[in-house]
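Breakdown of the fold
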Amino acid sequence: MAGPLERAHRLYADAHAAEDIGGFVRALAVYQDLVALLDGGMPDGELEESDQRASIVLRVRAQLGTARAVYETSGDLGEALALLALAEGVCERGGLDAEMIAVHGQRGLLLLRSGDLSGARDALDRVAPGPDAEPSFDLGSVLVNRGALHLEVGEVAAAARDLSAAAGIARALGNTVLEAAARHNLGYAAFLGGDLPAALREMADAAGLGERPEPVALLDRARVLAEAGLVSDAVDALSESVAMLDGGSAVVLAEVELALATCLMDLRRFDRARESARSSARGFDRAGNAPWRARARVVELQAQLGADRFASRPGTRATLRRRAGRAVALADLGKTAGAVGRLTVSYPALLMAAEWSVMAGDLDEARALLARVPADLGDAPLSLRVERSAMTAQVAFARGSRSAGVRAVRHGQRTLAAHRGLGSVEAVAATGLHALRLNLVDVRAALATGDAAAVFDALERGRAAAAGTARLVPPDDARLAELLERARAEHQAALALGATATPEGIRDKRGHLVEARRLQDEARELSWQVEGERRPVEPVSAREVRAALRAAPAPRDADVVVSYSTLDDELFAVRLDARGSTLHRLGARSAMLEQARRARADLTVVSNPLIPAALRDAAGRSLAQSLARLDDQLVRPLGGAGDLHVVARGQLLTLPWSALTSRVGRRTWVGERVHLVRSADGPAVHRDDVVVLAGPDTEGGVAEAEAVAAVWSSARVLVRGEATVHEAVRALTRARVVHLAAHGTHAQDNAMFSSLRLADGPLFAHELDGVGLAGATVVLSACELGLSSSDVGGEALGFASVLLRHGADAVIAAVAPLRDDVAVRVMPSLHAGLRDGLRPGEALARAVADEPEPVPLVCFGPLVL
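Summarised in this report is the structure supplied together with it. (Residues numbered from 1 in each chain as written. Predicted model: local features only at pLDDT ≥ 70, side-chain atom pairs only at ≥ 80, totals over all residues. Heavy atoms only, no water.)

What follows deals with helix 28 (residues 613-634). If you check helix 28, its first and last C-alpha atoms are 31 Å apart, about what 22 residues at 1.5 Å a residue would give, namely 32 Å. Listed as buried for helix 28 are A619, L623, S626, L627, L630, D631, Q633 and L634. Each buried residue of helix 28 lies within a common arc of 155 degrees when the element is viewed along its axis, so the set occupies one face. In helix 28, those exposed residues whose orientation departs by more than 90 degrees from the buried face are A614 and R621. Those residues of helix 28 that are buried are in contact with strand 1 (560-567), strand 2 (570-577), strand 3 (580-588) and helix 27 (589-606). (Helix = DSSP H or I, 4+ residues; strand = E, 2+ residues; numbered from the N terminus. Expected span 1.5 Å × (residues − 1). Buried < 20%, exposed > 50% of the residue type's maximum accessible area, 1.4 Å probe, protein only. Arc of directions from axis to C-beta. Contact = heavy atoms within 4.5 Å.)

Rendered as structure tokens:
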């Protein structure tokens with residue numbers, strides 16, 4: 001039977017293990033049991049001298065652990081510090097030098113957690129090790145905690161030194177828990193330094209040292225993802241953290257609630273954001289952490305301001321002034337916390353007060369408040385720097401200075417372009433979230449002028465901010481390639497089971513698909529960590545477009561460029577031609593969305609030969625009505641019977657534009673922004689081949705491929721087992737025209753894994769990231785691969801959009817199911833037009849002109865003149 005001292009050691013090990021994973025409620029209970037055992041279960045007279053010393057050491061360690069657990073669960077700093085004082089006294093009397101280091105380290109940590117940065121620094125500096133110190137867990141912990149202190153006050157270089165030293169001590173001791181803490185915080189240092197890919201790499205490596213992620217690790221990872229614009233992923237990480245905090249740190253929970261409130265604001269869930277921020281403030285209040293309570297109050301006010309921005313009536317002038325006054329009072333409170341308080345409380349509060357003052361019409365007050373925030377914020381958080389630019393623009397626009405307002409918007413957009421985001425095309429699109437605030441200020445001000453050219457320019461500035469890609473070549477990462485191959489194999493295994501109806505078959509098929517999704521998610525996250533090299537995209541102006549139309553080699557007098565957008569529920573458009581520009585208000589966005597929903601549903605029915613003919617006929621009549629109504633709302637009011645280049649985002653982007661009543665048989669092509677290409681410049685990349693691929697299990701796919709190939713004199717045809725993922729990627733990188741006839745799937749909830757099914761499995765959009773496509777025209781004879789999903793910032797992602805972001809000259813794709821017999825008729829005609837030198841949009845228009853039913857093919861691409 002174990003003796004009292006052995007039981008005490010076991011209790012300490014259990015408590016410390018619970019503390020290591022954030023289980024502070026359990027840790028506190030076990031530490032209290034340990035103290036009770038030490039107090040009553042081990043009389044000094046029954047212990048050897050060495051055991052007596054071990055008992056005293058255990059008592060000190062128990063008091064340290066109890067102090068931490070008391071503070072984390074109740075926020076009672078006074079009781080926690082009293083316990084540390086008792087432990088310090090024991091160390092002094094017993095000459096316990098190693099434990100004294102732990103006492104000061106724990107005191108420094110608790111003072112840091114409570115917001116007393118000066119006190120924390122004093123405690124940690126007292127015992128920080130020198131270069132020749134003997135490695136120990138306590139010294140490593142002190143360095144980790146002091147590194148965290150440096151991070152809190154923005155001293156990133158000093159933090160990196162302490163944390164690197166702590167990681168070295170941990171490796172020398174073989175302590176993976178300490179090493180994981182040091183490595184994770186090094187990731188956070190990279191985040192604060194603006195290197196988001198390095199931050200996620202370091203955090204992932206740290207997480208790999210443990211058995212499961214800790215709540216704090218998930219919190220910090222969420223902060224990185226939110227900064228990158230991947231807000232939904234950040235919310236997922238925060239939700240996982242909350243689930244793990246049952247019985248954990250109340251202080252960490254308050255931090256998680258605060259981060260969640262910020263994400264909810266980005267998602268425009270302002271009421272929930274206010275609730276989360278208030279709960280966070282209460283948590284910090286209980287913990288006696290005034291600086292972080294002030295941060296939570298800032299976010300609560302930001303949620304109110306966010307709601308006011310989108311409200312038709314944000315409040316009376318007196319209400320707006322009252323809110324501005326609350327923000328000013330909060331700004332004054334933040335000044336007491338030094339540089340950190342200014343960046344996290346004072347400056348954000350002053351910018352809010354300035355915006356409420358603009359809403360109230362107090363422009364002089366707004367200008368004075370804005371002047372209290374430095375124009376050069378150095379290495380301040382990206383969101384604060386962008387908000388400073390947005391507020392500068394808003395004040396300038398309100399005062400009637402459009403030139404100053406536009407300069408401020410452009411300054412903010414340059415700040416975003418210089419930001420080192422994550423390394424994937426998905427992450428570049430996600431930066432649109434940060435651009436959104438600038439875009440709204442810019443577009444609202446332009447609309448207020450009624451100047452069509454000003455509105456066009458504002459829209460294009462916003463669209464260019466998140467355009468392009470992060471890579472010039474595909475990522476050379478063996479692990480990423482392996483994950484994608486394994487995901488493809490799981491999809492193939494599920495497909496091989498067919499339409500199974502047995503419980504075992506259903507279970508197995510689901511297992512393969514779940515594993516495929518897990519591997520895809522892992523590949524997606526790994527892709528963020530691979531370095532990219534983003535090239536900022538310069539927007540074009542209305543003046544440049546009109547000049548290009550006038551200077552085109554062939555007469556372009558009838559060509560029309562229309563830029564569509566929405567604000568609140570209003571749909572509007574700017575029409576440009578060689579002669580000028582006009583602004584058009586086109587009614588409610590909700591009406592357009594309803595007709596688009598009906599049209600897509602009817603196209604799905606019409607394209608399905610298994611549905612009874614009577615139902616398909618009814619859907620056809622309904623489809624004709626929906627397309628006519630969309631045409632009446634979107635196209636006819638703008639006039640113009642010539643070529644039409646549509647510029648749009650969101651659900652407007654993926655409407656069946658070529659099937660609208662007035663556009664059938666007329667050249668129509670679509671883009672997310674105006675990318676002006678002059679045909680006289682010639683292709684940037686020389687390509688010769690025409691490659692035609694047909695995937696498996698498509699009725700008529702092989703016949704379609706052979707008919708398309710017959711149009712060209714020397715097309716390369718790959719069907720059945722030859723139509724592999726490798727051959728498809730090879731064709732996309734080398735051929736002038738690529739035709740892909742295969743089953744396609746648009747993954748609405750994970751757009752980068754939209755796919756085209758080939759002989760050896762799906763080709764994921766993700767695998768095209770970094771593939772150079774300049775000079776290629778790509779025809780996707782597959783259902784729905786023209787669709788895209790919009791992220792929080794409004795940027796489109798999908799199979800076709802990835803091809804376009806990587807430079808494809810044109811992508812012809814379906815935005816709804818495409819029937820095989822229609823494809824077999826239309827595609828050879830389309831390719832005949834391409835062979836004869838027609839531009840892709842014109843070739844498509846001729847190919848579908850005589851079709852008896854609407855064809856949901858759309859030509860996506862730049863404005864080629």
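Here we take up the sheet that holds strand 11 (residues 755-758). Taken in spatial order, the three strands line up as 10-11-12 in an open sheet, and their pairing is antiparallel. In this open sheet, the two edge strands, each paired with only one partner strand, are strand 10 (744-745) and strand 12 (761-764). Helix 30 (residues 725-734) rests against strand 11 and strand 12 of the sheet, and its axis sits at about 30 degrees to strand 12. (Pairing = 2+ DSSP bridges. Axes fitted to C-alpha atoms, helices over the stretch in contact; angles between N-to-C directions.)

The strand order 3-2-1-4-5-17-16-13-9-7-8 describes an open sheet built from 11 strands, whose pairing is mixed. The outermost strands of the open sheet, each flanked by one partner alone, are strand 3 and strand 8 (716-719). Taken over all neighbouring pairs, the strand axes of this sheet differ in orientation by 20 degrees on average, direction set aside. Across four bridges, strand 7 (residues 690-694) lies against strand 8 in parallel orientation. Counted as the bridge partner of V691 is R716 from strand 8. Sitting on the sheet, helix 22 (residues 432-449) is in contact with strand 1, strand 2 and strand 3, with an inclination near 110 degrees to strand 1. Against the sheet, helix 26 (residues 542-551) touches strand 1, strand 2 and strand 3, its axis set at about 40 degrees to strand 2.

This next bit is on the pattern of salt bridges. Under the criterion given, the structure shown has 64 salt bridges. With a closest N to O distance of 3.2 Å, R410 and E538 form a salt bridge. Here R410, found in helix 20 (residues 402-418), pairs with E538, found in the loop between helix 25 (503-529) and helix 26; they are 128 residues apart in sequence, far enough to count as distant. The closest approach of N and O atoms between D442 and R461, which form a salt bridge, is 2.8 Å. Here R461 lies in helix 23 (residues 452-465) and D442 lies in helix 22, a separation of 19 residues in the sequence. Comparing D442 with R461 shows no difference in burial state: the two are buried. Through salt bridges with shared partners, a single ionic network connects E19, R68, E72, R113, D220, R223 and E255. (Salt bridge = Lys/Arg side-chain N within 4 Å of Asp/Glu carboxyl O.)

On to the side chain of R323. Inspection of the secondary structure assignment puts R323 in helix 16 (residues 317-334). Within polar-contact distance, the side chain of R323 engages the side chain of D308 at 2.9 Å. In this structure, R323 is in contact with Q304, D308, P314 and W356, ignoring residues within four places of it in sequence. (Polar contact = N/O pair within 3.5 Å; in protein donor to acceptor, adjacent residues only side chain to side chain.)

Here strand 2 pairs with strand 3 via seven bridges, running antiparallel. Of the residues in strand 3, the one forming a bridge with D577 is G580.

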